[in-house]
Amino acid sequence: MLNQLTISELTARLARREVSAREATQACLNQVARVDGQIHAFISHDAADALAQADGADQALATGATHAQRPLLGVPVAVKDVLAVKGQPLNCGSKILGGFISPYDATAVEKLKVAGAIVFGRLNMDEFAMGSSTENSAFGLTRNPWDLTRIPGGSSGGSAAAVAADEAIATLGTDTGGSIRQPAALCGCVGLKPTYGRVSRYGLVAFASSLDQIGSFTKDVRDCATMLGVISGHDPRDSTSVAQPVPDYTAALTGQIKGLRLGLPKEYMIDGLGPEVKAAVDAAVKQLQTLGASVEEISLPHTEYAAATYYIIAPAEASANLARFDGIRYGARVDGADPLELYSRTRGAGFGPEVKRRIILGTYVLSSGYHDAYYVRAQKVRTLIRQDFLKAFEQVDAIITPTTPTAAFKIGEKSDDPLQMYLSDVFTISCNLAGICGVSLPCGFTSGAGARLPIGLQVLGKPFGEETMLQIAHAYEQSTSWHRAKPAIPH
Ligand code: GLN
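Residues numbered from 1 in each chain as written. Predicted model: local features only at pLDDT ≥ 70, side-chain atom pairs only at ≥ 80, totals over all residues. Heavy atoms only, no water.

### A look at the overall build of the chain
No. 1: Along its length, the chain carries 15 helices and 11 strands.
No. 2: Along the first, second and third principal axes, the C-alpha atoms of the chain reach 65 × 55 × 50 Å.
No. 3: Burial status across the chain gives 59% buried among its 491 residues.
No. 4: Here the chain displays about 17,900 Å² of accessible surface, and carbon together with sulfur accounts for 54% of that area.
No. 5: The average position of the 45 basic charges and that of the 48 acidic charges among the side chains of the chain differ by 1 Å. (Helix = DSSP H or I, 4+ residues; strand = E, 2+ residues; numbered from the N terminus. Buried < 20%, exposed > 50% of the residue type's maximum accessible area, 1.4 Å probe, protein only. Areas by Shrake-Rupley, 256 points an atom, 1.4 Å probe, with all protein chains shown as cover. Lys, Arg positive; Asp, Glu negative; His and termini not counted. Charge placed at Lys NZ, Arg CZ, Asp CG, Glu CD.)

### A closer look at the site of the ligand
No. 1: Neighbouring residues of the ligand: 15 residues in total, closest T176, G177, S179, Y310 and R358.
No. 2: At 2.7 Å from an oxygen atom of the ligand is found a side-chain nitrogen or oxygen belonging to R358.
No. 3: The contact in question runs from a nitrogen atom of the ligand to an N or O atom on the side chain of D425, over 2.8 Å.
No. 4: Against a free-state accessible area of 290 Å², the protein chains account for coverage of 100% of the ligand.
No. 5: Class assignment for the residues of the shell around the ligand results in five nonpolar, seven polar and three charged. (Near = heavy atom within 4 Å. Polar contact = N/O pair within 3.5 Å; in protein donor to acceptor, adjacent residues only side chain to side chain. Nonpolar A, V, L, I, M, F, W, Y, C, P; charged D, E, K, R; others polar.)

### Examining helix α10 (residues 339-350)
Owing to its 3.6 residues per turn, the α-helix aligns residues three or four sequence positions apart on the same side.
No. 1: If you check α10, its first and last C-alpha atoms are 16 Å apart, about what 12 residues at 1.5 Å a residue would give, namely 16 Å.
No. 2: If you check which residues of α10 are buried, you get L342, T346, R347 and G350. Along the axis of α10, the buried positions cluster into a sector of 115 degrees, meaning they face one direction only.
No. 3: Those residues of α10 hidden inside the fold are in contact with α11 (353-366).
No. 4: For α10, the N-terminal capping position is held by D338, with its side-chain oxygen 3.1 Å away from the main-chain nitrogen of L340. (Expected span 1.5 Å × (residues − 1). Arc of directions from axis to C-beta. Contact = heavy atoms within 4.5 Å.)

### Concerning a nonpolar patch on the surface
No. 1: Where nonpolar side chains cluster on the molecular surface, the patch consists of I328, L340 and Y343 and spans about 300 Å² of accessible area.
No. 2: Along the chain, the position of Y343 falls in helix α10. (Patch = residues over 30% accessible without salt bridge, like charges linked within 9 Å, V, L, I, M, F, W, Y side chains within 5 Å. Salt bridge = Lys/Arg side-chain N within 4 Å of Asp/Glu carboxyl O.)

### Quick notes on the sheet that holds strand β3 (residues 118-123)
No. 1: The mixed open sheet is built from 11 strands, whose spatial order is β1-β3-β2-β4-β6-β5-β10-β11-β9-β7-β8. The open sheet terminates on both sides in strands that have one partner only, identified here as β1 (42-44) and β8 (294-298). Neighbour-to-neighbour, the strand axes of the sheet open up by a mean angle of 35 degrees, direction not taken into account.
No. 2: Summarising the sheet, strand β10 (residues 437-445) and strand β11 (residues 454-461) pair through eight bridges and their orientation is antiparallel. Paired with G438 across the two strands is L460, which belongs to β11.
No. 3: Of the strands in this sheet, β5 (190-193), β7 (261-265), β9 (398-402), β10 and β11 touch helix α15 (residues 466-478), which is tilted by about 10 degrees from β10. (Pairing = 2+ DSSP bridges. Axes fitted to C-alpha atoms, helices over the stretch in contact; angles between N-to-C directions.)

### Quick word on the pairing of strand β6 (residues 213-218)
No. 1: Summarising burial for β6: six of the six residues are buried, a large majority.
No. 2: For strand β4 (residues 170-175) and β6, the ladder comprises five bridges, and the chain directions are antiparallel. For T174, the partnering residue across the bridge sits in β6 and is I214.
No. 3: Relative to β6, β5 is paired through three bridges, and the arrangement is antiparallel.

### Topic: the pairing of strand β2 (residues 76-80)
No. 1: Taking burial as the measure, the five residues of β2 include five buried ones, the bulk of the element.
No. 2: Looking at chain direction, β2 and β3 are connected through four bridges and run parallel. Bridged to V77 within β3 is V119.

### Topic: the environment of G272
No. 1: Note on placement: G272 falls in the loop between β7 and α8 (275-290).
No. 2: In this structure G272 comes out as partly exposed when scored by relative accessible area, which is 47%.
No. 3: Sequence spacing of G272 and S424 is 152 residues, and the spatial spacing of their C-alpha atoms is 9.6 Å.
No. 4: Setting aside anything within four residues of it in sequence, one finds G272 in contact with P405 and T406.

### Looking at the state of the cysteines
No. 1: With the rule as written, the count across this model stands at zero disulfides.
No. 2: In this model C187 remains outside any disulfide bridge; the closest cysteine sulfur is found in C189, 5.7 Å from its own.
No. 3: Under the relative-accessibility criterion, C187 is labelled buried at 1%.
No. 4: With no disulfide of its own, C443 has C189 as its nearest cysteine by sulfur position, at a separation of 13 Å.
No. 5: You can call C443 buried: its relative accessible area is 2%. (Disulfide = S-S within 2.5 Å.)

### Concerning unusual backbone geometry
No. 1: In this structure, the amide linkage connecting G154 to the following residue, S155, adopts the cis form with an omega of 5 degrees.
No. 2: For S155, the location among the structural elements is in the loop between β3 and α5 (157-164).
No. 3: The backbone phi angle of H40 is positive, close to 55 degrees, even though this residue is not glycine.
No. 4: Tracing the sequence through the fold places H40 in the loop between α2 (21-39) and β1.
No. 5: A residue is classified by how much of its surface remains accessible, and H40, at 21% relative accessible area, is partly exposed.
No. 6: Phi at F464 takes a positive value of approximately 60 degrees, unusual for a residue other than glycine.
No. 7: By secondary structure assignment, the location of F464 is in the loop between β11 and α15.

So this is what it looks like as structure tokens:
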């Protein structure tokens, strides 16, 4: 079925004119109709618009456009509900935006369109990207395609589930503390968080501006390299995007990793690490050695402070970023006798409990008297965490870790315990604090009673070291078959 293909498989068939973009798009739409009642990866989608875009792609193909010029020509791609797509609703998984329609395209979305992608559908997420399970969405929860009683991870749970369930060929998500890599691991797909500054955030609704990056979910590493090449690059509309040339990331996929040096951080061998995750990652490390890489233990001494540091900095920035949702400028409004009452009623009714918790936390750590004790101190620890990585990268080419401590947990299992929920990000948040890049890819399955659940391997790369990181991920992937497994979704 066409919806099961990778980007490279689909574009090869489109180029040979064996299939049309309309057929590929229809196949994805059919799969959404077939399984999304169960999975609920999508908040909304517009089938007629998707097919119209597909017809445009078919016309371009008929008049000689190539995938060398437009690498995603005819490929259906869906996006997380936090990215602006002109003319489409933008809700960020929240009620507070009401019926807001984006007046313009985010740069990453514009780049997808220029590359020929069919941009269809809004993917479910934790409200304003705050969460690790997609249970904090005002639009209901998303289920893990491998086991419908479990969460898909978060906050980009819809983006991961849509790829795992073959409802889209690839998707975009965002990663502030792990929101691409963690759901990719739990749903058995490939998810990449680029280096801070690699991808423009223009048109992305900000959560924590010093941490947020846009990245992709795909079915294999080659597709991930293709997507990264499309969305990367400097953008004058986002001053944090870096004017560094965009290499051909697919050219880095040589299949060879002989002589590369990989580091295993000893601080990641924590008590909460599940035995099956540990066994799968150990086996992956052996496989990487068999492929010719050398492996050594490294130390990232400030790892134990990463979660605490993140949960000060991210809420602080969120409290400032979310001040704009006041009932005056965008979306929903609950009237009041005066502006202050209007603000508080709108925000009281519009935001969900986790977002309120973050705003309260963030406002507190920034308040006078506590600012130095919490926020400033967290910034100093953040610098130490970045230095840990830069020092380690003098010794090794990339760092290998589990993506998550355990496989997907049950729906509701951690929703009453925010601290437990926050701890599901222990292996992913340091990467954002340090501003480096990271990718998660499938490295095995749990074998316990019940459904087989995917396990993710995380490869962390140097700042702007995506090529080497992808080279390693690809060589490992091509020597295994984990990425080819598909969930059996009841419908
Ligand atoms: N789970 C983390 C949080 O709740 C990370 C979220 C993200 O990366 N957007 O903040």
